[in-house]
Amino acid sequence: MPELPEVETVARSLVPQLQGRIIVSLAKLDWPKMITPPPAEFTALITGRRIETVGRRAKWLLLTLDRGWTMAIHLRMSGHLLVTEPTAAHEPHVHFALELDNGRCLIFNDQRKFGRVHLLDQQGLAALDRSHGPEPLTDDFTPDTLAQQLQHRRAPIKTLLLDQHLIAGIGNIYANEALWLAGIHPLTPGAALSPEQINHLHRAIRVVLQEAIANQGSSLRNYRDSYGQRGSQQEHFNVYDRAGEPCPCCQTLIERIVIAQRSTYFCPVCQQGMQPAP
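Residues numbered from 1 in each chain as written. Predicted model: local features only at pLDDT ≥ 70, side-chain atom pairs only at ≥ 80, totals over all residues. Heavy atoms only, no water.

Undergrad: Is there a simple way to think about the overall build of the chain in this case?
TA: Along the chain, the regular secondary structure elements total seven helices and eleven strands. Compactness check: the chain gives a C-alpha radius of gyration of 20 Å against a globular reference of 19 Å for 278 residues, within 12% of the reference. Taking the intrachain contacts of the chain between residues at least 6 apart in sequence as the baseline, contacts between residues at least 24 apart amount to 65%. Surface exposure of the chain reaches about 12600 Å², of which carbon and sulfur atoms provide 50%. Distance between charge centroids for the chain: 4 Å, based on 27 positive and 27 negative side chains. (Helix = DSSP H or I, 4+ residues; strand = E, 2+ residues; numbered from the N terminus. Rg over C-alpha atoms; globule rule 2.2 N^0.38 Å. Contact = heavy atoms within 4.5 Å. Areas by Shrake-Rupley, 256 points an atom, 1.4 Å probe, with all protein chains shown as cover. Lys, Arg positive; Asp, Glu negative; His and termini not counted. Charge placed at Lys NZ, Arg CZ, Asp CG, Glu CD.)

Undergrad: Is there a simple way to think about helix H6 (residues 172-182) in this case?
TA: Residues three or four positions apart in an α-helix share a direction because the helix packs 3.6 residues into each turn. Taken across its eleven residues, H6 has ten buried, putting it largely inside the fold. Listing the buried residues of H6 in full gives Asn172, Ile173, Tyr174, Ala175, Asn176, Glu177, Ala178, Leu179, Trp180 and Ala182. Summarising the contacts, the buried residues of H6 are in contact with helix H1 (4-18), helix H5 (157-161), helix H7 (195-214) and strand E11 (262-266). (Buried < 20%, exposed > 50% of the residue type's maximum accessible area, 1.4 Å probe, protein only.)

Undergrad: Help me out: how do you make sense of the sheet that holds strand E1 (residues 23-29) in this one?
TA: Through backbone hydrogen bonds, the strands of a sheet pair up, either in parallel or in antiparallel fashion. The four strands are arranged E1-E7-E8-E6 in an open sheet whose pairing can be described as antiparallel. The open sheet has two free edges, formed respectively by E1 and strand E6 (79-84), since each of these has just one partner strand. Direction aside, the axes of adjacent strands within the sheet are offset by 15° on average. Two strands pair when backbone bridges link them, and E1 and strand E7 (residues 94-100) are joined in this way by five bridges, in the antiparallel orientation. Each bridged residue has a counterpart across the sheet, and for Ser25 the counterpart in E7 is Glu99. (Pairing = 2+ DSSP bridges. Axes fitted to C-alpha atoms, helices over the stretch in contact; angles between N-to-C directions.)

Undergrad: Would you mind going over the sheet that holds strand E5 (residues 70-74) with me for this structure?
TA: One open sheet holds the five strands; their spatial order is E2-E9-E5-E4-E3, and the pairing between them is mixed. Each end of this open sheet is capped by a strand with a single partner; those strands are strand E2 (35-36) and strand E3 (51-57). Here E3 pairs with strand E4 (residues 60-65) via six bridges, running antiparallel. Pairing of Val54 across the sheet is with Leu63, part of E4. Lying on the sheet, helix H2 (residues 39-46) is in contact with E2, E4, E5 and strand E9 (116-120); it crosses E9 at an angle near 60°. Here helix H3 (residues 122-130) sits on the sheet in contact with E3, E4, E5 and E9, set at roughly 125° to E9.

Undergrad: Would you take a moment to explain unusual backbone geometry for this structure?
TA: Outside of glycine, negative phi angles account for most residues, and trans bonds account for most peptide bonds. Here the residue pair Thr36 and Pro37 is connected by a cis peptide bond, since its omega of 0° sits within 30 degrees of zero. Tracing the backbone through its elements, the reader meets Pro37 in the loop between E2 and H2. Residues other than glycine seldom take positive phi values, yet Lys113 does so here, at roughly 60°. Within the secondary structure, Lys113 is located in the loop between strand E8 (105-110) and E9. Assessed through its relative accessible area of 30%, Lys113 is described here as partly exposed. The backbone of Ala260 shows a phi angle near 50°, a positive value even though the residue is not glycine.

Undergrad: So what exactly am I meant to see when it comes to the state of the cysteines here?
TA: When the sulfur atoms of two cysteines share a covalent bond, that bond is a disulfide. All chains considered together, the criterion is met by zero disulfides. With no disulfide partner, Cys247 has as its closest neighbouring cysteine sulfur the one in Cys267, 3.7 Å distant. A relative accessible area of 0% places Cys247 in the buried class. (Disulfide = S-S within 2.5 Å.)

Undergrad: Before we go on, may I ask you to explain a nonpolar patch on the surface in this structure?
TA: On the surface, a nonpolar cluster with roughly 270 Å² of combined accessible area is contributed by Met1, Met77 and Phe114. The topology assignment puts Met77 in the loop between E5 and E6. A relative accessible area of 39% places Met77 in the partly exposed class. (Patch = residues over 30% accessible without salt bridge, like charges linked within 9 Å, V, L, I, M, F, W, Y side chains within 5 Å. Salt bridge = Lys/Arg side-chain N within 4 Å of Asp/Glu carboxyl O.)

Set out below in structure tokens:
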């Protein structure tokens, strides 16, 4: 599933292509379950609306429309957005397409049909915002903020990093990478982290996410930006999906375990840290 760096990359690539454009029509919808409200109401509300801004909250793309509406798009497992010629809307896995006033289309290609498009009023947008924790790349996200989010939480730090209510936008890839960079074992309970470890983790989260954005995200399967370009962060993974390969720091073989049903990769030497008692 695309994480913060991938969604941020898509948002940035959409800005010059969508900002200021007017939505002429809902050009295609062959999977009505992917949108809310229902198709007739959705179509009436978006037709003729200007796209004022393109942004991101957590793993959601946000297209701010005039008259107080926001189109919130979640790519899920296999979705990607492209701005392209109208003929592309007829491709088999394109389930949603918007006709724009410049003759091009914003298409949502989603082989597995998990993606979602929600049209939100101001209250709906506020509810989406409240359901997520702080953005880890903003100035408001400090070591103290991270410490407060982890306080009294006994779950493994790996699990906590994936909790969107605590911190927005981090997924499995970058949780693994941040914990390696911080030298913290993924099974360490969140509340057991020392102030020094929290400082290291705070810095690692920001470094890992910023590097991934600079490299246009990680293209492992379906992810592309809105120009159809792949990211290259997968070429710089230190531990993710590298079980049995040498750690870049100490050359110990990277191990894989499962935490909360998610594959977790770590170096048993660089990430010894505190672990729960057997």
